[in-house]
Structures are given as C-alpha cells and as structure tokens.
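# Examination of the molecular architecture
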Amino acid sequence: MSRPDVLTFGETMAVFRATGPLRLGGTAQLSVAGAESNLAVGLARLGHAACWVGRVGSDELGELVLRSLRAEKVDVSHARTDPRRPTGLFVLEPRAGHLMRASYYRAGSAGSAITARDVLPALARRPRILHVTGITPALNRSAADAVSAVTEEARALGVTVCLDVNYRSALWPAQRARDFLQPLARSADIVIASADELPLVAGPPGGDPDQLAAGLLAAGAEEVVITRGAAGAVAFSGRQRADLPARQVPVTDVVGAGDAFAAGYLSGVLDGLDLPGRLGRAIAAGAFAVSTRGDWEGLPTRRDLETLDVSGGTTLR
C-alpha cells in the first residue's frame, strides 16, 4: 500500500441541502460532507494521495459516504463500518442572503465514536502530512483522545502536523476549546485559523494578528496561516510574510470554503511552492468553493485553477 501524501480523520455525515426553510417542507438534495473529507477530496482533485479515516454506520447513508469518497479517489481503506451506531446527518437551510443554518443530528453517531485505534494503522504508513481539525476533539472524549494520541505519534514519526482550528461553538465552549487546542497549536507544524479563531490558540481576544502569529512561531509552529474571508489571507513562516487579497468571484455558497482553502495550501506545501505560492493556491481553491453550491462538489482540479485568470465571458473549448 503506497504512502499517502496527507492523512486526515474525523466525522463525515450525510447532508440534506434544503431549497427553502425547513418548516415549510419542500425539496432537498442529498450529499455527504465533513471538514476532513472535504479537504481529502480537494487534495485528491489536485492530484495528491489523500487518505481519510472515520467511522460510518452500517446503513445506506454510510454506504453513500464511502461510495462518494471512493469516487473522488480518496483512500478509505482504513475507514470502519460501525454495526451499532448510525451515520450522522445534518440539514442545511438557506436564510437571508448567503447565510445558511445547519441543524446537526450526530449524537451517538458512528463518526463520533472514532478512536486512536482506528487511525494509528493509517499513520503507520507515514504520510507526509497529518491534518487534524478542531471539530474532531469537540465531538466527545474518545475523539479528543484520538487527536491527542495520533498527533503525538505523528510527531514521533517525523510526520508534519497541520491543525485547522475550525472552531464550532455549537460543539464546545470557547474555554474548553482553548484548553485543548492551544497546546496542540503550539506543537503543530502548520496552523490554519480564521482571524476570529486565532485568539483561541494563540492568545487573548483582540490581540494583534501579527503578534499572535509570531507567538505561535516562537512556540514551535513553522507556518501560521490566517484567513480573512473577503479580505483574503496572510501567512507567516519564520521571517517571511505573505499577504494576498481574495479572488473576486460571484459568491454562491460559502460552506466548505475553509476546507477548500486548507486543501489548496497543503497542496502548495506538497509541491514545494514558496509561501506566496502556497497562499495563492489556497485562495484560488477557496474561490472555486464559494462560487459553486455544495461543500466539495465544485472543488478545482489543477487544470481548473488556470481558468481563474481567463477573462470574464470567455467560453473554454
């Protein structure tokens, strides 16, 4: 079995995307989504070997998750089917403007029962990068223990560790997230966070982002990346700083944009791009995500990335 470029793990759920308010009924589209598997799809489309580990239920929704990821060339050989727990589910409904409301049905789900034993066999293949998010440790104690054990083993093996903070206030309070994520961020090689999330892992709220990033670098991180939505993103590495604006594209759906950004950034790391090149690829991937509907369906291939610089109104033939 070949060595993965990136290993990631967490819960992937079935998702119903409603066309209107849930209370009014109507139609919905069935798909799958999860921050970690979204990233794995993004990397696979960019030509990298991505491995996702997680648990799904022994049900039709679990089959949908595995089938969808296999179709995207994501390695799911270490995923487990749990005969006792169902596949998690969430529902997205449109609200005002581009606002989407998510309702989660994941209590007691198969994905939330992930353990270190599920992931360590995949880590033994020595991926180039281990990617973790702040979502997985928020699920429950066993999932948090899995993140701690797997990241510790990755460091022992010399595997690069990337933390995407991905804070979800519905899953855990800020103080509990801070207590867990701050030590993890200080031992990670790459930290990706939004400007709002950065204080959770780097210091007090309201702190200067450059100083917070410098603190993480001084603590041991090699790269710190801060996303700023429509204002673009900034990345720090040693004495280097790269600051790029967002791509100007029509915004259709912002769900999954952060996962696309992280996939683009790690793709740049794997390809040996310099700091501005990594950040540029991340921003380009995020532009594809926000301009198409779905968590991962519109993520770009390498050929797609080239089309962002084509003038508007052009037909590609």
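Quick notes on the rules
- Residues numbered from 1 in each chain as written.
- Predicted model: local features only at pLDDT ≥ 70, side-chain atom pairs only at ≥ 80, totals over all residues.
- Heavy atoms only, no water.
- Pairing = 2+ DSSP bridges.
- Helix = DSSP H or I, 4+ residues; strand = E, 2+ residues; numbered from the N terminus.
- Axes fitted to C-alpha atoms, helices over the stretch in contact; angles between N-to-C directions.
- Contact = heavy atoms within 4.5 Å.
- Expected span 1.5 Å × (residues − 1).
- Buried < 20%, exposed > 50% of the residue type's maximum accessible area, 1.4 Å probe, protein only.
- Arc of directions from axis to C-beta.

### Here's the deal with the sheet that holds strand E11 (residues 190–194)
Pairing is mixed across the open sheet formed by eight strands, whose spatial order is E4-E1-E9-E10-E11-E12-E13-E14. Every other strand in the sheet has two partners, leaving strand E4 (50–53) and strand E14 (240–244) as the edge strands with one partner each. Neighbour to neighbour, the strand axes of the sheet diverge by 15 degrees on average, direction disregarded. Pairing analysis gives four bridges linking strand E12 (residues 223–227) to strand E13 (residues 233–237), with the strands arranged antiparallel. Each residue of the ladder has a partner; that of Val224, found in E13, is Phe236. Helix-sheet contacts for helix H5 (residues 141–157) involve strand E1 (6–9), strand E9 (129–133) and strand E10 (160–164), and the interaxial angle to E9 is about 160 degrees.

### Things to note about unusual backbone geometry
One non-glycine residue, Arg126, adopts positive backbone phi at about 55 degrees. Summarising the element assignment, Arg126 is placed in the loop between helix H3 (116–123) and E9. The backbone phi angle of Asn166 is positive, close to 45 degrees, even though this residue is not glycine. Among the secondary structure elements, Asn166 is positioned in the loop between E10 and helix H6 (174–187).

### Points about the side chain of Ser267
Structurally, Ser267 is set in helix H9 (residues 257–270). Residues in contact with Ser267, not counting those within four places in the same chain, are Leu43, Leu46, His48, Arg281 and Arg302.

### With respect to H5
Taking 1.5 Å as the rise per residue, H5 with 17 residues should run 24 Å; its terminal C-alpha atoms sit 24 Å apart, in good agreement. Three or more residues of H5 are buried, namely Ala143, Ala144, Ala146, Val147, Val150, Thr151 and Ala154. The arc that holds every buried residue of H5, seen down its axis, measures 155 degrees, which confines them to one face. Summarising the geometry of H5, the exposed residues directed more than 90 degrees from the buried face are Arg141, Glu152 and Ala156. Of the surrounding elements, those touching the buried residues of H5 are E1, H3, E9, helix H4 (136–139), E10 and H6. At the exit of H5 stands Gly158, carrying a positive phi of roughly 80 degrees.

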